[in-house]
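Tertiary structure, described
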Amino acid sequence: MSKKVAINPEWYEVLKGEFDKEYFQSLRQFLKEEKKASKKIYPPGPLIFNAFEMTPYSKVKVVIIGQDPYHNPGEAMGLCFSVPKSCKVPPSLKNIYKELARSTDFEIPGHGDLSLWAAQGVFLLNAMLTVEHKKAGSHRKIGWQNFTDAVIKLLSDSKEGVVFLLWGNFAKSKKDLIDTEKHLVLESVHPSPLAGGKFHGNDHFVKTNAFLESKNQAKINWQN
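First things first, this report covers the structure right here in the doc. Per chain, residues are indexed from 1 in the order of the written sequence. Two thresholds apply to this predicted model, a pLDDT of at least 70 for residue-level local features and 80 or more for giving and counting side-chain atom pairs, whereas whole-chain, interface and lining totals are computed over all residues. With hydrogens and water stripped out, all remaining heavy atoms of the structure feed into the side-chain values.

Moving on to the overall build of the protein chain. Runs of H or I in DSSP of at least four residues are treated as helices and runs of E of at least two as strands, each being numbered from the N terminus. Of the regular secondary structure elements, the protein chain holds eight helices and six strands. Along the chain direction, N to C, the helices and strands of the protein chain fall in the order α-α-β-α-β-α-α-β-β-α-β-α-β-α. Dimensions of the protein chain along its principal axes, counting C-alpha atoms only, are 50 × 35 × 25 Å. For the protein chain, the proportion of contacts with a sequence separation of at least 24, taken over those separated by at least 6, is 66%. Within the structure as shown, the protein chain displays about 10,800 Å² of accessible surface, and the carbon and sulfur contribution to it stands at 51%. Once the 31 positive and 24 negative side-chain charges of the protein chain are each reduced to a mean point, those two points are 5 Å apart. In what follows, a contact means two residues having at least one pair of non-hydrogen atoms within 4.5 Å. Only the protein chains shown count as cover for residues, with accessible areas throughout obtained via the Shrake-Rupley method and a probe of 1.4 Å. None of His or the chain ends enter the tally, which takes Lys and Arg as positive and Asp and Glu as negative. Lys charges are placed at NZ, Arg charges at CZ, Asp charges at CG and Glu charges at CD.

Checked against the element boundaries, Thr-148 lands in helix H6 (residues 144-158). It is 9.7 Å that separates the C-alpha atoms of Thr-148 and Ile-65, two residues lying 83 residues apart in sequence. Among residues more than four places away in sequence, those in contact with Thr-148 are Leu-125, Asn-126, Ala-127 and Leu-129.

Another aspect to go through is the nonpolar core. Residues belong to one nonpolar core when they are buried, are Ala, Val, Leu, Ile, Met, Phe, Trp, Tyr or Cys, and are joined through side-chain atoms within 4.5 Å. Relative accessible area decides the class of each residue, using a 1.4 Å probe on protein chains only: under 20% of the type maximum gives buried, over 50% gives exposed, and in between gives partly exposed. Core analysis: the biggest nonpolar cluster contains 64 residues, and Trp-11, Phe-52, Trp-144 and Phe-147 have the highest contact counts within it. Broken down by element, this core gets its largest block of residues, six residues, from H6. Setting aside anything within four residues of it in sequence, one finds Trp-144 in contact with Phe-24, Leu-27, Leu-31, Ile-48, Phe-49, Ala-127, Met-128, Leu-129, Thr-130 and His-139.

Right, let's get into the packing of aromatic side chains. The description of an aromatic ring pair rests on the distance of the ring centres and on the angle between the ring planes. Each aromatic pair joins two rings of Phe, Tyr and Trp (for Trp, the six-membered one) with centres within 6.5 Å, and gets the label stacked for planes under 30 degrees apart, edge-to-face for over 60, and tilted for any other angle. Across all of its chains, the model carries 22 aromatic pairs by this definition. Measuring from centroid to centroid gives 5.7 Å for Phe-19 and Phe-147, while their planes differ by 35 degrees, and the two rings are tilted. Here Phe-19, found in helix H1 (residues 9-19), pairs with Phe-147, found in helix H6; they are 128 residues apart in sequence, far enough to count as distant. The exposure class assigned to Phe-147 is buried, which follows from its relative accessible area of 0%. Consider the rings of Phe-49 and Phe-147, whose centres lie 6.1 Å apart with planes at 80 degrees: the pair is edge-to-face. Placement of Phe-49 in the loop between strand S1 (41-42) and helix H3 (50-54) and of Phe-147 in helix H6 is noted, with a sequence separation of 98 residues between them. One aromatic cluster is present, built from ring pairs that chain together Trp-11, Tyr-12, Phe-19, Tyr-23, Phe-24, Phe-49, Phe-52, Tyr-57, Phe-123, Trp-144 and Phe-147. Over the ring of Tyr-57 we find Lys-159; its NZ or CZ atom is 4.7 Å from the centre of that ring. By definition here, charges over rings are those cases where NZ of Lys or CZ of Arg is within 6 Å of the ring centre and within 35 degrees of the ring normal.

Let's shift gears to the side chain of Ser-92. Take Ser-92: it is sitting in helix H4 (residues 91-103). When its relative accessible area of 13% is taken as the criterion, Ser-92 is described as buried. Leaving out residues up to four positions away in the same chain, Ser-92 has contacts with Phe-81, His-190, Pro-191, Ser-192 and Pro-193.

Burial analysis of strand S5 (residues 163-167) places five of its five residues in the buried class, which makes it a mostly covered element. Paired strands, as defined in this entry, are two strands with at least two bridges between them according to DSSP. The pairing of S5 with strand S6 (residues 184-188) spans five bridges and is classified as parallel. Each bridged residue has a counterpart across the sheet, and for Trp-167 the counterpart in S6 is Ser-188.

A side-chain nitrogen of Lys or Arg and a carboxyl oxygen of Asp or Glu constitute a salt bridge if their distance falls within 4 Å. Within this structure, the stated rule accounts for ten salt bridges. Glu-13 serves as the salt-bridge partner of Lys-16, at 2.8 Å between the closest nitrogen and oxygen. Of this pair, Lys-16 and Glu-13 both sit in helix H1, three residues apart, which is roughly one turn of the helix. Across the pair Glu-33 and Lys-36 runs a salt bridge, and its minimum N-O distance is 4.0 Å. Taken as a pair, Glu-33 and Lys-36 lie in helix H2 (residues 22-36) at a separation of three residues, close to a single helical turn. Classification of Glu-33 as partly exposed rests on a relative accessible area of 37%.

The length a helix should cover is 1.5 Å for every residue beyond the first. Look at H2: 21 Å from first C-alpha to last across 15 residues, which is about the 21 Å you get at 1.5 Å a residue. All of the buried residues along H2 are Tyr-23, Phe-24, Leu-27, Leu-31 and Glu-34. Down the axis of H2, the sector holding all buried residues measures 100 degrees, keeping them to one side. Projecting away from the buried face of H2 at angles above 90 degrees are the exposed residues Glu-22, Lys-32 and Lys-36. Packed against the buried residues of H2 are H1, S1, strand S4 (131-132) and H6. Positive phi appears at Ser-38, one or two residues downstream of H2, with a value of about 60 degrees. The directions considered for the arc run from the helix axis to the C-beta atoms.

Have a look at this one:
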C-alpha cells in the first residue's frame with residue numbers, strides 16, 4: 001500500500017481505493033518533481049485537501065464545483081471560489097454575493113472567506129486541486145479530474161438528497177456523474193463577469209435551502 005495521503009480520515013476511508021491507483025501515484029510524483037524544480041504551486045501543500053478537511057464526508061449536504069485554484073500568491077485556500085480574509089474579493093465571488101443579497105437577507109461582507117459555508121456542509125470542490133503560479137488550468141491534465149470525478153460519483157452513489165450547484169459549462173459537464181433521481185442538481189451560467197450578469201436571478205441559494213428543509217435537514221446560513 002502507498003504512503004497514506006494526508007486527508008480527512010472519513011474521506012480517506014471512503015476514497016482509499018483511489019490513492020493506490022496508477023493515475024494518483026503519477027499525480028503525486030508529478031507534484032514532487034514540480035516542487036524539486038522550485039515551481040510555485042497553489043495552494044500550499046497543507047491546504048490541497050482543505051475542502052475535504054473542512055467538510056468531512058458525513059457532513060456533505062451541498063456541493064459547489066469549481067474549476068481550478070486561484071493562481072495568484074496567497075489566494076488559493078483549497079476551497080473553490082474562496083480566498084483568505086486578507087485577500088481582495090474576486091470578481092466571481094462578488095457576483096455570488098450579489099445574488100445572495102438579491103434573493104436573501106444576506107449582507108455583503110468585506111472578505112471572501114467561505115469557511116463558514118464549508119463548516120455547515122457546503123463542499124467547495126475544485127475539479128483540479130492544484131495549479132502553477134500565474135498559469136490557469138496548468139494542472140488540468142495531471143490526473144486530478146480522475147480523482148475529483150470519483151469523489152463526485154461517490155457522493156452521488158452513496159448519499160441521498162445532496163444539492164449539486166453546477167455553474168458554467170465546465171461544472172455542468174460533471175452532471176453525468178450525478179444521479180438526478182436522488183439529488184437536486186441546479187445549473188446556471190458561471191458567476192464570472194464574462195457571463196454578462198446572467199448568474200443574477202438564478203435563486204440557487206433559496207432553492208438549495210428549500211430543498212434541504214424539505215428533506216428535514218438544516219438549511220445553510222449563507223452569511224459569512
